[in-house]
Amino acid sequence: MAEEKKWYTGMFSTEDWWSFWIGLFFVAVGIIAAATGVDISGWVIGFEKWVDIGNALQPDHSNMMSGVSSLIVSYIIFTIATCVGAYFMGMDMKKYFWAWTLIFWLSAIIFLFSRHAYIQATSIERADFGISWSLSIGGAHYIVALFVGLLIGNLAPKSFREFMYHGARPEWFIKIAIVFLGCKLGMKVVDSTGYALELLLVGACATVAAYLLFWPLVYTLCRKGFKLTREWAATLASGISICGVSASIATGGAIRARPIVPVMISSLIVVFAVVELVILPPVLTYTPWFNEPMAAASSLGLTVKTDGADAAAGAITDQLMRTRAQQELGVQWEEGWITSASVMTKIWIDMFIGVWALILAMLWLRYVEKRPDEKVEKMEVWWRFPKFVLGYFVAWIAVGVLGLTVIGPDAMDWGIHPFESTGRHLFFILTFTSIGLVTNFRKLAEENMGRLALAYGLGLLLIIIPLGWIIAYIFHNGMMPPTVG
Amino acid sequence: MHVVNMSFYHDGEQWIARDGDLEVMASNLGDLDGKLREALEKRYTPPQGSRLAVNLDFDYSTIPHWMIQYHPYYMHRRLEFDY
């Protein structure tokens with residue numbers, strides 16, 4: 001017999017919950033290290049810029065062990081952690097392990113070689129490395145990881161691609177990274193600037209404005225312009241306006257659509273998100289948006305429609321803009337704030353999806369489908385709530401409160417930095433490789449995709465991106481990333 | 001109130017609700033609910049004036065594997081039949 005759905009259903013069986021558990025487990029390790037002074041967190045591998053490959057790998061706490069040892073230890077510990085999650089989620093453990101292992105080492109090799117000083121050193125850093133020129137491409141490792149993933153995901157033999165899907169979990173990896181990112185805002189609370197709270201509030205305002213404008217406009221475009229049925233129009237409007245695949249699944253469920261509807265729309269969303277991920281960061285960096293870095297980053301949260309691609313686009317924009325600021329303005333912006341702005345708006349969007357699905361279900365069943373026997377359960381809001389967001393806020397509050405009180409800022413920074421910064425970068429690059437692996441451009445050639453793709457593309461170009469830019473500018477203009485020191 | 005828990009899915013053409021040996025199918029959800037009401041009446045013979053609730057949990061394993069990481073479930077329906 002099927003089991004009744006409870007509030008705790010899925011707590012140990014969904015990727016969303018396992019990003020919460022794994023993310024917070026490592027945050028707890030960092031806090032314990034900070035509180036006790038025992039170095040149980042410094043092993044996390046960092047990839048430094050280099051000209052001598054002997055300096056390329058460094059553990060976060062550089063005296064703890066060699067770089068190679070740190071890489072192996074990081075592989076072992078993160079493998080165990082994700083394999084525990086994979087086991088409880090009922091994955092094929094053998095296939096997950098080997099696919100994860102390939103993705104980890106492929107990402108590590110890409111990270112290592114893409115950090116060469118000739119590729120990434122800024123003009124100011126060249127003298128430190130003893131080189132006369134460099135390409136100064138901040139974030140080159142992310143871009144290379146994405147393209148290598150795309151090459152494999154689209155050109156490798158089908159059996160190999162399908163095997164790699166077992167370990168390519170971009171949403172899981174990015175959600176773990178986002179829990180780690182919560183620590184960064186916690187550290188900002190410790191610095192007493194109020195900046196993190198301001199970012200939180202303007203992100204919420206921008207999100208509400210976007211919800212109210214995006215959805216009705218795209219729905220109308222789909223119904224009037226493309227003559228799509230309500231089932232397709234509502235699901236596509238949510239996918240493109242709210243939080244991508246998760247919104248299209250939630251909306252499809254709320255309006256009781258046939259599963260084929262969110263499945264086809266989700267295929268489109270994933271492909272378009274990768275196109276945006278490649279195009280938007282350089283567009284934002286090399287246009288007047290450079291003068292409004294936080295607004296530019298926030299616009300990514302409103303326009304790039306999967307968590308993974310949004311955070312990834314934020315990370316590339318972060319690298320590109322900081323490199324440009326250092327070279328042209330002589331200013332060193334703190335790493336991670338541009339990424340945080342892009343993630344913050346997305347987190348608000350994600351949190352409201354349950355409320356949106358509930359409202360839509362009530363309206364649909366009462367006024368469109370008119371089915372009196374069916375009841376809408378308020379628990380929808382909780383079931384659809386993104387649980388990794390809880391991890392993000394718990395990490396934020398725990399690091400902030402403990403850093404301000406019993407532990408102290410310097411000790412907290414020492415203990416938590418391996419995950420807040422170094423571990424986060426590792427999970428980001430795993431996300432980039434995985435996004436490439438799971439993005440299949442062949443989906444666009446499938447039957448009946450043409451009209452949907454056109455509706456999606458036009459909705460994105462004519463409504464979402466222009467309005468997203470305006471809303472982001474209104475709420476974030478004038479905000480600048482904190483500078484180093 | 002008696003509560004029955006069932007799973008359901010869409011096979012590309014029909015919605016199918018299932019619980020053990022009980023299986024009901026229809027091309028749209030309105031028809032499915034009607035057939036379900038009749039099938040449950042036969043199985044449980046609910047007394048006049050009683051209410052029977054049905055939790056229908058969508059079988060998420062029928063959604064493509066790559067999508068499942070984006071959202072934890074598709075839909076959950078609760079029907080309440082008055083007899």
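Here goes a summary of the coordinates provided. (Residues numbered from 1 in each chain as written. Chains lettered and ligands numbered in written order. Predicted model: local features only at pLDDT ≥ 70, side-chain atom pairs only at ≥ 80, totals over all residues.)

### Topic: the packing of helix α1 (residues 15-36) of chain A against helix α17 (residues 387-404) of chain A
All names here are of chain A.
- Taken N-terminus to C-terminus, the directions of α1 and α17 make an angle of 15°; their axes are 7 Å apart at the nearest point. Looking at the two axes, α1 sits roughly parallel to α17. Judged by the twist between their axes, the crossing of α1 over α17 is right-handed. Facing Asp 16, Trp 17, Ser 19, Phe 20, Gly 23, Leu 24, Val 27 and Ile 31 of α1, the residues of α17 in contact are Lys 387, Phe 388, Leu 390, Gly 391, Val 394, Ala 395, Ala 398 and Leu 402.
- Class assignment for the residues of the contact of α1 with α17 results in eleven nonpolar, three polar and two charged. (Axes fitted to C-alpha atoms, helices over the stretch in contact; angles between N-to-C directions. Helix = DSSP H or I, 4+ residues; strand = E, 2+ residues; numbered from the N terminus. Parallel < 35°, antiparallel > 145°, perpendicular 65-115°, else oblique. Left-handed = near helix turned anticlockwise from the far one by under 90°. Contact = placed C-beta atoms within 7 Å. Nonpolar A, V, L, I, M, F, W, Y, C, P; charged D, E, K, R; others polar.)

### Some remarks on the interface of chain B and chain A
- On the side of chain A, 31 residues touch chain B, which itself brings 29 residues to the contact.
- Every element with two or more residues in the side of chain B that touches chain A is listed here: β1 (2-10), α1 (29-44), β4 (51-58) and β5 (76-82) of chain B.
- With six residues, β5 of chain B is the single largest residue contributor to the side of chain B that touches chain A.
- Looking at side-chain class alone, the side of chain B that touches chain A contains 13 nonpolar, ten polar and six charged residues.
- Note that strand β3 (residues 374-375) of chain A and β5 of chain B share two bridges and pair antiparallel. Bridge pairing in β5 of chain B places Glu 374 of chain A opposite Leu 79 of chain B. (Pairing = 2+ DSSP bridges.)

### A look at the pairing of β4 of chain B
Residues and elements named next belong to chain B.
- Inspection of the sheet shows β1 paired to β4 by seven bridges, in the parallel sense. In the strand pairing of β4, Val 4 is matched with Val 54.
- Where β4 and β5 come together, seven bridges link them in antiparallel fashion. In the sheet register, Ala 53 faces β5, and the bridge partner there is Glu 80.

### A word on the nonpolar core
Residues and elements named next belong to chain A.
- Counting residues in each nonpolar core, the largest one holds 176 residues, and the members touching the most others are Tyr 142, Ala 177, Val 179, Cys 222, Leu 236 and Ala 312.
- Tallying contributions element by element places helix α15 (residues 337-368) first for this core, with 17 residues.
- Those residues in contact with Val 179 that sit more than four places away from it in its chain are Ser 19, Phe 20, Gly 23, Leu 24, Val 27, Phe 388, Gly 391, Tyr 392 and Ala 395. (Core = buried A, V, L, I, M, F, W, Y, C linked by C-beta atoms within 7 Å. Buried ≥ 20, exposed ≤ 12 C-beta atoms within 10 Å, placed from the backbone.)

### With respect to unusual backbone geometry
Residues and elements named next belong to chain A.
- Backbone geometry places Lys 227, a non-glycine residue, at a positive phi of 55°.
- With 11 C-beta atoms packed within 10 Å, Lys 227 lands in the exposed category.
- Residues other than glycine seldom take positive phi values, yet Arg 256 does so here, at roughly 60°.
- By the element assignment, Arg 256 lies in the loop between α11 (244-254) and α12 (260-285).

### Quick look at the packing of helix α10 (residues 230-241) of chain A against helix α19 (residues 449-476) of chain A
Residues and elements named next belong to chain A.
- Orientation of α10 relative to α19, taken along the N-to-C sense of each, is 45°, at an axis distance of 11 Å. With respect to α19, the element α10 is oriented oblique. Where α10 crosses over α19, the handedness of that crossing is right-handed. Taking contact as the criterion, the partners of Leu 236, Ile 240 and Ser 241 in α10 are, on α19, Leu 452, Ala 455, Tyr 456, Gly 459, Leu 460 and Ile 464.
- Taken together, the residues of the contact of α10 with α19 break down into seven nonpolar, two polar and no charged.

### Examining the sheet that holds β1 of chain B
- Strand order in the open sheet made by the six strands is β3(A)-β5(B)-β4(B)-β1(B)-β2(B)-β3(B), with mixed pairing throughout. On the outer flanks of this sheet lie β3 of chain A together with β3 (22-26) of chain B, each paired with one strand and no other.
- When strand β2 (residues 15-19) of chain B meets β3 of chain B, the two strands line up antiparallel, connected through five bridges. Looking at β3 of chain B, one finds that Ile 16 of chain B is bridged to Met 25 of chain B.
- Against the sheet, α1 of chain B touches β1, β2, β3, β4 and β5 of chain B, its axis set at about 155° to β3 of chain B.

### Let's talk about the environment of Glu 380 of chain A
Residue and element names in this part refer to chain A.
- With respect to the secondary-structure elements, Glu 380 resides in helix α16 (residues 380-383).
- C-alpha of Glu 380 to C-alpha of Ile 109: the two residues are 271 residues apart in sequence and 43 Å apart in space.
- Excluding residues that lie within four positions of it along the chain, Glu 380 makes contacts with Gly 354, Ala 357, Leu 358 and Ala 361.

### A word on the environment of Leu 185 of chain A
Residue and element names in this part refer to chain A.
- Mapped onto the elements of the fold, Leu 185 is located in helix α8 (residues 170-190).
- When the C-alpha atoms of Leu 185 and Tyr 195 are compared, they prove to be 8.7 Å apart, with ten residues separating the residues in sequence.
- Other than its neighbours up to four places away in sequence, Leu 185 contacts Ala 196, Ser 340 and Trp 396.

### Brief notes about the environment of Leu 284 of chain A
Residue and element names in this part refer to chain A.
- Mapped onto the fold, Leu 284 is located in helix α12.
- Exposure remark for Leu 284: the 25 C-beta atoms within 10 Å place this residue in the buried category.
- Sequence separation between Leu 284 and Leu 320 is 36 residues, and the spatial gap between their C-alpha atoms is 9.4 Å.
- Apart from residues no more than four positions distant in its own chain, Leu 284 is found in contact with Trp 289, Ala 296 and Thr 317.

### A few points about the pairing of β2 of chain B
All names here are of chain B.
- Direction of pairing for β1 relative to β2: antiparallel, over a ladder of four bridges. Residue pairing in the sheet places Tyr 9 in a bridge with Ile 16 of β2.
- Between β1 and β2, which pair antiparallel one after the other, the connecting turn spans four residues, and Gly 12 there sits at a positive phi close to 105°.
- The hairpin formed by β2 and β3 contains two residues between the paired strands, and Gly 20 there has a positive phi angle of roughly 60°.

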